[in-house]
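One letter stands for each residue in the lines below.
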Amino acid sequence: MSVGRIRVDRGDAPARLAFPDRFNLAVEMVDRHLDEGRAGKIVLVGPKRSLTYDGLAEEANRAGNALRGLGLGSGDRLIMVVKDCPDFVSLFYGAVKAGILPVPVNTLLRAGDYRYMFEDSGAAAVVYSPEYAAEVAPALAAARPGPRAALTTEGDGGFQALRDAAAPALEAVPSTPESPCFWLYSSGSTGRPKGVVHRQRDIPINAEHYAAGAIGLREDDVCFSAAKLFFAYGLGNSMNFPLWVGGSAVLSDRVPSPEMTFDVIEAHRPSVYFGVPTLYAAQLRALEATPRDLSSLRMCISAGETLPPDIFRRWQERTGIPPLDGIGSTEATHIFISNTPEAHRPGSSGRVVPGYRTRIAGEDGADVADGTAGRLMVAGLSNAAMYWNQPEKTARTMKGDWLDTGDTYIRDEDGWFVFCGRSDDMIKVGGIWCSPAEIEARLIEHPRVLEAAVVGRADADGLMKPEAFVVLNDAADAGETLAGALLDHCKTGLARYKYPRWINFVDGLPKTATGKIQRFRLRRPAS
């Protein structure tokens, strides 16, 4: 029996998606476009080659057949340590179509991290780009149990050769909308990464509500994301959102930097750019020295860490385009609160994306009043099913329909959300909760500051006070004079108790691979 297609009713907001009982995500995201007349349209522009929609469909079919030829079957896990290129997309959806669960993982990790993921996931196979062999190969040798098959994407005996020799037709393995479809590993900023198990329905629901709905992504858009495909953020930006609307994406295997992003934008003329706050700050600094042609862009998106209002204003002044901040998570698939082209506000993560529900919970779990800080909870049909093999963490985070994001937020009476920090990053100063994000935003407003992070530190009396770590545009400016100027800057723009008692000038800040500041690594151990 063949699988069915989603029916989308966009008559009201949010749109309503009706899933068939027998469903396979690859049919909806890849094969559908051949029926809708996009067979010859370029969907992926890669560093070495491009793919049309019909080329992607055939490569996905061949990839699925090649995986089956390796002995993989329905429900088996496929770890992907693959760079951003068309092969990533055809491998991902070839696995899905064959009933195999793709698990893209961070390409920046070390052998110990990979060994943990190989063992934790019980992966049946690993496919990896040759560039990562130095870390992947020892992990494969040490893993107990290890995968049954391990191949590089290219080279002698690589997966590409198996794929190209496989049959070009593949019948989609039927499942249900609630069946497992793919995994992502969380960034693990406070411990071992967790395997986040997503369903077949999760990508279409988020793509329709956020990409097609909230930000208005279109079929004629060309997307370019600085965030890589192995991130939940990049997976949506560069693969699932363009595939959902019938658009295109530009993929780069270069390390993200201002020069890399500007080169790609000038060469390929994308219309939508997805960045992260750290990169926006670096791009602004680069643009001051050398103007670049960003005229192809109609929309810019930011996520991964809260976007300081000063960076919002400076980017809009420089480019004429407001960078639309939003908050999402690996567990929710992508963004669920966002600014939009029609409604955006500096310093805010935006308002709830139609199709999602949110609440702000106090320490007792009850809802708090608007204007009061509390823990952000989100409900939506793109939320993950569970953490793999971690029932206790699943129970703590996934509470019925509600996902506990671990972020502290304030919602105002008009429904705008303001980020206060990770719940475990909040600082109680003089008995009053203090947001590190607010202090950081004030520091970044100073023209000599590039980045800042704030944590709590006990003073001589054992009382908690804010401590700042500051990255300057020019390290030569560091010194007591500038430290005093930054203190005055904070005291004039913040409530008196919020100013940092200590300012440290540093060369860089510790971050996760997704660009989130790891404040816990800056905290001083208790004496």
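For the structure given in this document, a descriptive report is provided here. (Residues numbered from 1 in each chain as written. Predicted model: local features only at pLDDT ≥ 70, side-chain atom pairs only at ≥ 80, totals over all residues. Heavy atoms only, no water.)

As for the side chain of S175
Here comes step 1: Structurally, the position occupied by S175 is in the loop between helix 6 (159-165) and strand 9 (180-185).
Here comes step 2: On the basis of relative accessibility, which here comes to 16%, the residue S175 falls in the buried class.
Here comes step 3: Side-chain polar atoms of S175 contact the backbone oxygen of F23, separated by 2.7 Å.
Here comes step 4: In this structure the side chain of S175 is engaged in a polar contact, spanning 3.4 Å, whose partner is the side chain of Q200. (Helix = DSSP H or I, 4+ residues; strand = E, 2+ residues; numbered from the N terminus. Buried < 20%, exposed > 50% of the residue type's maximum accessible area, 1.4 Å probe, protein only. Polar contact = N/O pair within 3.5 Å; in protein donor to acceptor, adjacent residues only side chain to side chain.)

Regarding the pattern of salt bridges
Here comes step 1: Enumeration according to the criterion identifies 48 salt bridges in this entry.
Here comes step 2: With a shortest N-O distance of 3.2 Å, R110 and E135 are connected by a salt bridge. Separated by 25 residues along the polypeptide, R110 in the loop between strand 6 (101-104) and helix 4 (111-121) and E135 in helix 5 (residues 133-142) bring together distant segments of the chain.
Here comes step 3: We classify R110 as exposed; its relative accessible area is 55%.
Here comes step 4: With its nearest N and O atoms 3.7 Å apart, the salt bridge here joins R201 to E178. Residue R201 is located in the loop between strand 10 (195-199) and helix 7 (202-214), and its partner E178 is located in the loop between helix 6 and strand 9; the two are separated by 23 residues in the primary sequence.
Here comes step 5: Salt bridges sharing common partners tie together R5, E28, R32, E36, R38 and E219. (Salt bridge = Lys/Arg side-chain N within 4 Å of Asp/Glu carboxyl O.)

Concerning unusual backbone geometry
Here comes step 1: Cis geometry marks the peptide bond from A13 to P14, where omega comes out at 0°.
Here comes step 2: Tracing the backbone shows P14 in the loop between strand 1 (7-9) and strand 2 (16-18).
Here comes step 3: Here the bond from R144 into P145 is cis, since omega is 0°, no more than 30 degrees from zero.
Here comes step 4: Along the chain, P145 turns up in the loop between helix 5 and strand 8 (149-152).

Here we look at the sheet that holds strand 16 (residues 335-338)
Here comes step 1: Judged by pairing direction, the sheet is mixed, and its nine strands sit side by side in the order 4-3-12-11-13-14-15-16-17 without closing on themselves. Each edge of the open sheet is held by one strand with a lone partner, namely strand 4 (50-52) and strand 17 (351-352).
Here comes step 2: In this sheet, strand 16 lies alongside strand 15 (residues 323-328) in antiparallel orientation, the contact comprising three bridges. Paired with G328 across the two strands is I335, which belongs to strand 16. (Pairing = 2+ DSSP bridges.)

Observations regarding the packing of aromatic side chains
Here comes step 1: Under the counting rule described, the total for this entry stands at 14 aromatic pairs.
Here comes step 2: Ring centres of F19 and F23 lie 5.3 Å apart, and the angle between their planes is 85°; this geometry places the pair in the edge-to-face category.
Here comes step 3: Ring geometry for Y273 versus Y280: centroids 5.7 Å apart, planes at 75°, classification edge-to-face.
Here comes step 4: By relative accessible area, which is 0% here, Y273 ends up buried.
Here comes step 5: Cluster of aromatic residues (ring-pair linked, three or more members): F224, Y273, Y280 and W315.
Here comes step 6: Its end group placed over the ring of W244, R32 keeps NZ or CZ at 5.4 Å from the ring centre.
Here comes step 7: The side chain of K194 reaches across the aromatic face of Y387, ending 5.2 Å from its centre. (Phe/Tyr/Trp six-rings, centres within 6.5 Å; stacked < 30°, edge-to-face > 60°. Lys NZ or Arg CZ within 6 Å of the ring centre and 35° of its normal.)

Details of the environment of A39
Here comes step 1: Relative to the helices and strands, A39 is located in the loop between helix 1 (25-35) and strand 3 (42-45).
Here comes step 2: Here the alpha-carbon distance between A39 and D54, two residues 15 residues apart in the chain, equals 4.6 Å.
Here comes step 3: The contacts of A39, once residues within four sequence positions are left out, are H33, L34, T52, Y53 and D54. (Contact = heavy atoms within 4.5 Å.)

Some remarks on helix 3 (residues 86-97)
Here comes step 1: Counted at 1.5 Å a residue, the expected span for helix 3 with its 12 residues is 16 Å, and the 17 Å between its end C-alpha atoms agrees.
Here comes step 2: Burial of helix 3 is extensive: 12 of the 12 residues sit out of reach of the surface.
Here comes step 3: All of the buried residues along helix 3 are P86, D87, F88, V89, S90, L91, F92, Y93, G94, A95, V96 and K97.
Here comes step 4: G99, located one to two residues past helix 3, shows a positive phi value of around 85°. (Expected span 1.5 Å × (residues − 1).)

Notes on the pairing of strand 10
Here comes step 1: The element strand 10 is largely enclosed, with a buried count of five among its five residues.
Here comes step 2: Both faces of strand 10 are covered, namely the face carrying G195, V197 and R199 and the face carrying V196 and H198.
Here comes step 3: As judged from the five bridges shared by strand 9 and strand 10, these two strands associate in the antiparallel manner. Looking at the pairing, F182 lines up with H198 of strand 10.
Here comes step 4: Bridge analysis of strand 10 against strand 20 (residues 386-387) gives two bridges, and the strand direction is antiparallel. Counted as the bridge partner of V197 is M386 from strand 20.

Focus on the nonpolar core
Within soluble globular proteins, side chains that are nonpolar tend to cluster in buried spots.
Here comes step 1: Within the largest apolar cluster, 139 residues are counted, with the highest numbers of intra-cluster contacts made by L78, Y93 and I301.
Here comes step 2: By residue number, the principal contributor to this core is helix 8 (residues 232-245), which donates eight residues.
Here comes step 3: Once you skip the residues sitting within four places of it in the chain, L78 turns out to touch L67, L72, L91, A95, I100, L101, P102, V103, A125, V126 and V127.
Here comes step 4: Core analysis: the second largest hydrophobic core is formed by 22 residues, I79, V81, L140 and W183 among them. (Core = buried A, V, L, I, M, F, W, Y, C linked by side-chain atoms within 4.5 Å.)

Comments concerning helix 10 (residues 277-289)
Here comes step 1: Across its 13 residues, helix 10 extends 19 Å between first and last C-alpha, which sits within 8% of the 18 Å expected from 1.5 Å per residue.
Here comes step 2: By the burial criterion, the buried members of helix 10 are P277, L279, Y280, A281, A282, Q283, L284 and L287.

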